[in-house]
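# A look at the structure
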Amino acid sequence: MQIEELSFTYAGKDRPALAGINLSIKEGEFLLITGPTGCGKSTLLKTLNGLIPAEVTGNLEGKVQIRGVPVTDLNHHDRCSTIGLIFQNPDDQLFTTKVEEEVGFGLENLNLSQTEMEKRITAALCQVGLEDFRHGSTFNLSGGEKQRLAIASVLAMQPAVLALDEPLAQLDLIGVKQVLEVLLSLKKRGVTVILVEHRLPWVVPYATHVVVMNQGKVLFNGSPQALSPDLLQELGLKPKAPPRFSDLETLKMSLTPVRSFSRQDWILKAEGLSYLTLLKGISFCLFPGEIVAIVGPNGAGKSTLLHLLAGLLSPTQGRILSDKSAGLVLQNPDLMLFSKTVWEEVAFGLKSRKIPSGQIAQRVETILRALNLMAFKDDAPQALSRGQRLRVAVASVLALNPDILLLDEPTSGQDAGEIERLMHYLKTLTLQGRTVAFVTHDLDVAFKWADRIFFMEQGQIVFCGEKGGTH
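A few points on the structure.

Criteria and thresholds
- Residues numbered from 1 in each chain as written.
- Predicted model: local features only at pLDDT ≥ 70, side-chain atom pairs only at ≥ 80, totals over all residues.
- Heavy atoms only, no water.
- Helix = DSSP H or I, 4+ residues; strand = E, 2+ residues; numbered from the N terminus.
- Buried < 20%, exposed > 50% of the residue type's maximum accessible area, 1.4 Å probe, protein only.
- Contact = heavy atoms within 4.5 Å.
- Lys, Arg positive; Asp, Glu negative; His and termini not counted.
- Charge placed at Lys NZ, Arg CZ, Asp CG, Glu CD.
- Phe/Tyr/Trp six-rings, centres within 6.5 Å; stacked < 30°, edge-to-face > 60°.
- 1 Å grid on protein atoms, 1.4 Å probe; cavity = no way out; pocket = protein on both sides within 12 Å on 5 of 7 lines; lining within 4 Å.
- Points joined across faces, edges and corners; volume = space filled by probe spheres on them.
- Nonpolar A, V, L, I, M, F, W, Y, C, P; charged D, E, K, R; others polar.
- Pairing = 2+ DSSP bridges.
- Axes fitted to C-alpha atoms, helices over the stretch in contact; angles between N-to-C directions.

Moving on: the overall build of the chain. Within the chain, the regular secondary structure consists of 16 helices and 20 strands. Summarising its shape, the C-alpha atoms of the chain cover approximately 70 × 55 × 40 Å along the three principal directions. Residues classed as buried in the chain amount to 55% of the 471 residues present. Counting only contacts in the chain whose residues sit at least 6 apart along the sequence, the fraction spanning at least 24 positions is 70%. Distance between charge centroids for the chain: 4 Å, based on 47 positive and 50 negative side chains.

Note on aromatic pairs: each is described by the distance of the centres and the angle between the planes. If you walk through the whole model with that rule in mind, you get six aromatic pairs. Ring geometry for Phe245 versus Phe447: centroids 4.9 Å apart, planes at 55°, classification tilted. Separated by 202 residues along the polypeptide, Phe245 in the loop between α9 (229-234) and α10 (248-253) and Phe447 in helix α16 (residues 443-449) bring together distant segments of the chain. Each of the two residues, Phe245 as well as Phe447, counts as buried. Centroid distance Phe284 to Phe454: 5.3 Å. Interplanar angle 65°. Geometry classified as edge-to-face.

It is worth spelling out the layout of surface pockets at this point. In this structure, the largest pocket spans a volume of roughly 1400 Å³. What the second largest pocket holds in volume is close to 950 Å³. Along its surface, the second largest pocket is lined by 40 residues, and Leu141, Ser142, Gly143, Ser303 and Thr304 are the ones closest to its centre. For the lining of the second largest pocket, the elements supplying multiple residues, two or more each, are α6 (143-155) and α11 (302-310). Residues belonging to the lining of the second largest pocket are distributed by class as follows: 12 nonpolar, 20 polar and eight charged.

Another aspect to go through is the environment of Phe87. Mapped onto the elements, Phe87 comes out in the loop between β6 (83-86) and α4 (99-109). Look at Phe87 and you get partly exposed, because its relative accessible area is 24%. Taking the C-alpha atoms as reference, Phe87 lies 9.3 Å from Lys46; in sequence the two are 41 residues apart. What Phe87 contacts, discounting residues up to four positions off in sequence, is Leu51, Asp92, Gln93, Gln147 and Asp165.

This brings us to the sheet that holds strand β12 (residues 268-275). Pairing in this open sheet of three strands is antiparallel, and the strands run β13-β12-β15 from one edge to the other. The sheet is open, and its two borders are formed by β13 (279-286) and β15 (317-321), each paired with just one other strand. Averaged over all neighbouring strand pairs, the angle between strand axes comes to 15°, with direction disregarded. The pairing of β12 with β13 spans five bridges and is antiparallel. Residue pairing across strands places Tyr275 opposite Leu279, the latter belonging to β13.

A separate point is α11. Among the residues of α11, those classed as buried are Lys302, Thr304, Leu305, Leu306, Leu308 and Leu309. Of the residues flanking the end of α11, it is Gly311, one or two places downstream, whose phi is positive at about 90°.

A word on the environment of Glu365. Among the structural elements, Glu365 can be located in helix α13 (residues 357-370). Distance from Glu365 to Leu183, taken between C-alpha atoms, is 43 Å for residues 182 residues apart in sequence. Setting aside residues no more than four positions away along its own chain, Glu365 makes contact with Trp343 and Met374.

This is the structure:
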């Protein structure tokens, strides 16, 4: 692929999302594209397969060519079969009710034989570890399992170029390693892999070519070995060094087991909590002023637990005791955003509570500044990057001052600098007596910021630990 003087400005925007991009991508490369949240990475991917300008309005200048042919000259069929794109949010890409139908949908549009379709569906599901889910419903999948399914549906079409927008964000560590091994095997078969990702310690060892972006421009274009740690730190990105905790067992061994609490000052108490077959007799307490991290593999029941604590679901057995307010930030922020501007989004709940306008303005500005969103206050939330949209969703819940804040993977789509900013702000809230419980696959974040860590497997909390103490 050849990209020449590529610029793009979204309709209604003054500042370009891409500004003069020049890039050559060789056949069979493993290209890693990284950069701060909102720097233009996702926009660049959408130009590679023609979604921009075919489906997105704005001003496009420059060229994107594959094998000498402008991508905009390819028809829809040829674009999709040549350049496969996996979106940041798997829910944007899934639209059937059965797992095997999802993988087979694109193949039907390629007019393949039934025998060839069956062969490709089986291979793609095995590659991403979903073979046991083949006959299941897409509605019963966790966020990470949906991400794997989206990858399988594109893999089955066997594109020459596979472009992935943060496919690891919602995956557990087993899933991360599995997907990266799949991508490496595709590269060895001659497929060009283009991967947008923040989780650099996991991805850099696989890359043959790295591009670092900021504010719509390319700051670095070269080999992984030449990538400067100073540049990464300057942009608020994680260094290339491997993470401290590469698996759940390593994290568990670094913690002191917490077997029981004699404290009676709990803010929320769960007793024998069960939900269908997803949760099985969970009991625990949350206490004022603490941060609790919930970790575990995809499908362990982590999101279901948060939904129960927030009251979105009712337990089939057991009970939740609490007289405090709880606010939930969903794994998919797009389900929470509906206002015309970021400011209106964060102010919406306050207006519905008849808070005086002066107080609203002060509270909204404080939270937007804390989460580095003031520059986007007049922008439409849905026009922002996924990481920025997630922070807007967090801000809209924080504005209501809940006693208990429940966050489902709040670090996904965020660069290291934004993760640090967000978690530091949450820590200041706990010093005021608020309680935070968050689901994460980033074990380093869990260890650094959490007072206690719950390990979940198959619908149960199998271990609870803390960095020190005598409980």
